Amino acid sequence: MTIETAIAANRFGLGARPGDLDRMGDPQDWLRRQIARAEKPDPVLGALGDTPTVINEIFELRRQRNEMRKAGEEFVNEYAKTVRKHYAAQVLARYQHAANTDAPFRERLVHFFTNHFAVSADKQPMPAIAGLFEQEAIRPNVTGKFADLLIAVEQHPAMLTYLDNQRSIGPGSRAGKAAARRAPERNLGLNENLAREILELHTLGVDGGYTQTDVTTFAKVITGWSVAADNDVRRNGADAVGTFFFRSRAHEPGTQRILGKRYPDSGVNQGVAVLRDLAVHPATARYLATKLARHFVSDVPREALVAQLEAVWLDTGADLGAVANALVAHDACWAEEKQKYKSPHDFVISAFRALDYTPDKPQLLFAMLEQLGQTPYRPGSPAGWPDTADDWGSADALYKRIEWAGAVGDQAGTRAKPLPLARAVLGPSLSPGTIKALAGAESGGQGLALLLASPDFLRR
Amino acid sequence: MLDRRTLIQAAIATAAVGPRLAFAKADTEKRLLVVLLRGAADGLSWVAPYGDPNYAGLRGQLAIGAPGASDGVHKIDGTFGLHPAFDWLAQRFAAGDALAVHAVASPYRERSHFDGQDALENGTATALGKRDGWLNRAIAPLGGELGNETAIAIGTTTPLLLRGETRVANWAPSRLPGVDDDTLSRLARLYENDEFLHARLAQAIESQAIADDAGNMGGKRRRGNAQQQFRQTLGQAAKFLTAENGPRIAVVDSGGWDTHANQGAATGGLANRFRGLDAALAEFHKGMGATWRDTAVLIMTEFGRTVRVNGTRGTDHGTAGAAVLVGGGVRGGRVIADWPGLNAGALYQGRDLYPTTDLRSLCKATLIEHLKLDAAHIDRAVFPDNTPVPVLDGLFA
């Protein structure tokens, strides 16, 4: 077994399970196979339902709650209860899948892009659909063309709701003119939020060379991109409540100019055309190449690596599978030194996998991630979670990991066999200092705590 | 029997780095709490210019009423009033130890939260202007060796404002079970050759000891909704700032101020946030006790919000807004503003409150006149590109 085996499992993947390193074979082949083939569907994820069904259910409950509230009746808040139920199920399924998947490199890409396109569960009704957004918009698209991923994301009801686009109305559209006549004081109209974040966070990056005018114009282009409501189904020909719906009445008519290029009005396709161009824009290539290199390899990635990923991005028309393979092929990704301090999310998943543990109590899972500083699907802003040791490595955050490691050790008690376990999951990347500490531990439980809190396990 | 703190200290002291543990008293009796409102808190609701002839018209359903009206502002002067949710803060204005600065903005002139916050915290006009925080640079003379931190961030992560070369402490309440001392000692040895982890473990143990000493809160009972938790956070900040040999400066984050939709006026979403902030500040005031006379609280946000209401009964990212300074030594009871007015021609880019005061003038005043830091140091190292901008003077007694 070589050091590359341990690196493939722990740096590219989500952390080794006991036995993984022995079974892997050639590390690069193992990684490339995960990119070449989609995983077979996981029934745990499949049982979560889909966004339209869940939206239908919770919006109906919300309507009933509001009626009861208006009538002043005593009521049980079934809406809030149901949102929490979906949230718990989606979080549990996500971490169960991560603990057990045989394609952990692919799964890391899923988590990376879910965070890149963050919808945060601190805004309703995101808790009920953030996990479904990951399953529907992100998971099927992480090794295809970035443009397809981008379009799936920006047309998903979660993103349209999270960044307020479902209510954005073109001032020159039929709906906009009608609203101005009927209710001028409500000033119904354009909302720039989604357009701005697409440019700033999803594609070009904040230094990507766009202007405030580009933001406003792009916001006009995607007016009408919305989520189907009841009357859209009854009267406007939408398929089902809670699906993407292009509301042509709200769409700003006319040709628009963005980043110097003209986009004639082609309804929904006007926005699609802009997204396709943004996906292969040089600023997008640089921004995503940097983020990927930072995520997988180092807080300060080498320029040669970023440049290579950027070149592949541009040469392949932003083929994410090709970019992932370029990462696998690059020497900088195989440096022996562990340069990444794990995020709490990475830390917890790698501990689950090392312990061959499948979480089964959503409240416990939720509480531990919250305490360690990374509440599931809840980064608090559309920028997603940060990704450097500066962000995660505070003294207090380290102390909480140690407390958590101690609690895990206590649970395992004398059953734990820390040194063989450490060798099984860290392989040749296990350092002499950690070996010495584990060998001298006073109990299996303490040894396990020391392993989880060791420099070897806190980094990847 | 050795207590836990002594035991762990001994274990760490034997390790290579061997730091002295215990916050040493910084060279000042003054205390500073900085509250960062993330998401761009709406200055025109917070400190409402009810007396501006264009305010009610432009703000429409989001306008806060004049003093005396039902749900009207707490009157500060003939132009400005405090949002009605701020009962405690209004008392401080009446008592003369709170002031607001209006039409104030950092020099950042775009409208991204993330860049705006970075600029606010790094003290320059752009997100990448500096990689460290202005408060970190400012406190360099006060000391910040391991075990000698002048400042503490209360929260899971340290905000950029406090990040940089000067070492600062960090603490957040824990609901996890404690870890036993023998395991901590062994980890201290395991981290011996790992400077990053070793330093952090030492610091964490010291913070834990203060939090435990301070009324045995330990933070283990952190419960309730976000607003109740924020109140507990400020209560904890007071414990750190009043601890003997504790830190002198604390920074806390408050999120959720990005009111694009259904912002509300005297009641509603934003009003609830204001009420929570007010209750948390009251908790802090109570916790500071007699030390309040040496304390200043600076409350600021990355930028203001649009003057007009948007299509979803909220407001979008704007430019100038408000900031508040409150504390025992503050000469308050007033609003400081070179008020540009809200008539159409006076708005920044036709949409935002025009910035007339550089927020850094307020920060500078706090550093120089409250913390008594050397003005030349501030000009040289803290806000080097802001030298010509005058310090707002006369803010402190």
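Residues numbered from 1 in each chain as written. Chains lettered and ligands numbered in written order. Predicted model: local features only at pLDDT ≥ 70, side-chain atom pairs only at ≥ 80, totals over all residues.

### Topic: the nonpolar core
Then, in step 1: Within the largest apolar cluster, 265 residues are counted, with the highest numbers of intra-cluster contacts made by Leu309 of chain A together with Ala237, Ala250, Val251 and Ala323 of chain B.
Then, in step 2: If sequence neighbours within four positions are ignored, Ala237 of chain B has contacts with Leu33, Ile154, Ala250, Val252 and Phe284 of chain B. (Core = buried A, V, L, I, M, F, W, Y, C linked by C-beta atoms within 7 Å. Buried ≥ 20, exposed ≤ 12 C-beta atoms within 10 Å, placed from the backbone. Contact = placed C-beta atoms within 7 Å.)

### Here's the deal with the packing of helix α1 (residues 3-12) of chain A against helix α3 (residues 27-36) of chain A
Residues and elements named next belong to chain A.
Then, in step 1: The geometry of α1 relative to α3 is characterised by a closest axis approach of 8 Å and an angle of 30 degrees between their N-to-C directions. By the angle between their directions, the pair α1 and α3 is classed as roughly parallel. For the pair formed by α1 and α3, the contact residues are Glu4, Thr5, Ala8 and Phe12 on the first element and Pro27, Trp30 and Leu31 on the second.
Then, in step 2: Along the lines of polarity and charge, the residues of the contact of α1 with α3 split into five nonpolar, one polar and one charged. (Axes fitted to C-alpha atoms, helices over the stretch in contact; angles between N-to-C directions. Helix = DSSP H or I, 4+ residues; strand = E, 2+ residues; numbered from the N terminus. Parallel < 35°, antiparallel > 145°, perpendicular 65-115°, else oblique. Nonpolar A, V, L, I, M, F, W, Y, C, P; charged D, E, K, R; others polar.)

### Some remarks on the pairing of strand β6 (residues 151-154) of chain B
Residues and elements named next belong to chain B.
Then, in step 1: Burial along β6 is two-sided: the face carrying Ala151 and Ala153 and the face carrying Ile152 and Ile154 are both buried.
Then, in step 2: The pairing of β6 with strand β7 (residues 169-171) spans three bridges and is classified as parallel. Along β7, the bridge assignment pairs Ile152 with Ala169. (Pairing = 2+ DSSP bridges.)

### Remarks on the sheet that holds strand β2 (residues 47-48) of chain B
Then, in step 1: Strand order in the open sheet made by the three strands is β2-β4-β3 (chain B), with antiparallel pairing throughout. Of all the strands in the sheet, just β2 and β3 (74-75) of chain B have a single pairing partner and so form its edges.

### Looking at unusual backbone geometry
Then, in step 1: For the bond from Gln124 of chain A to Pro125 of chain A, the omega torsion is -5 degrees, close enough to zero to count as cis.
Then, in step 2: As for its placement among the helices and strands, Pro125 of chain A is situated in the loop between α7 (104-116) and α8 (126-138).
Then, in step 3: Of note, Ala103 of chain B is a non-glycine position whose phi angle comes to about 55 degrees, a positive value.
Then, in step 4: Relative to the elements of secondary structure, Ala103 of chain B occurs in strand β5 (residues 98-105).
Then, in step 5: A count of 24 C-beta atoms within 10 Å places Ala103 of chain B in the buried class.
Then, in step 6: Of note in this structure, Lys372 of chain B is not a glycine but carries a positive phi near 60 degrees.
Then, in step 7: As for its placement among the helices and strands, Lys372 of chain B is situated in the loop between α11 (359-370) and α12 (375-382).
Then, in step 8: You can call Lys372 of chain B exposed: it has 12 C-beta atoms within 10 Å.

### So, the confidence of the model for chain B
Residues and elements named next belong to chain B.
Then, in step 1: Within chain B, residue pLDDT values average 87, and 88% of them lie at 70 or more.
Then, in step 2: Considering only residues more than four positions removed or in separate chains, one finds that residues 10-24, a stretch of pLDDT under 50, has 36 contacts.
Then, in step 3: Confidence metrics for the complex model read pTM 0.75 and ipTM 0.90. (pLDDT = per-residue confidence, 0-100.)

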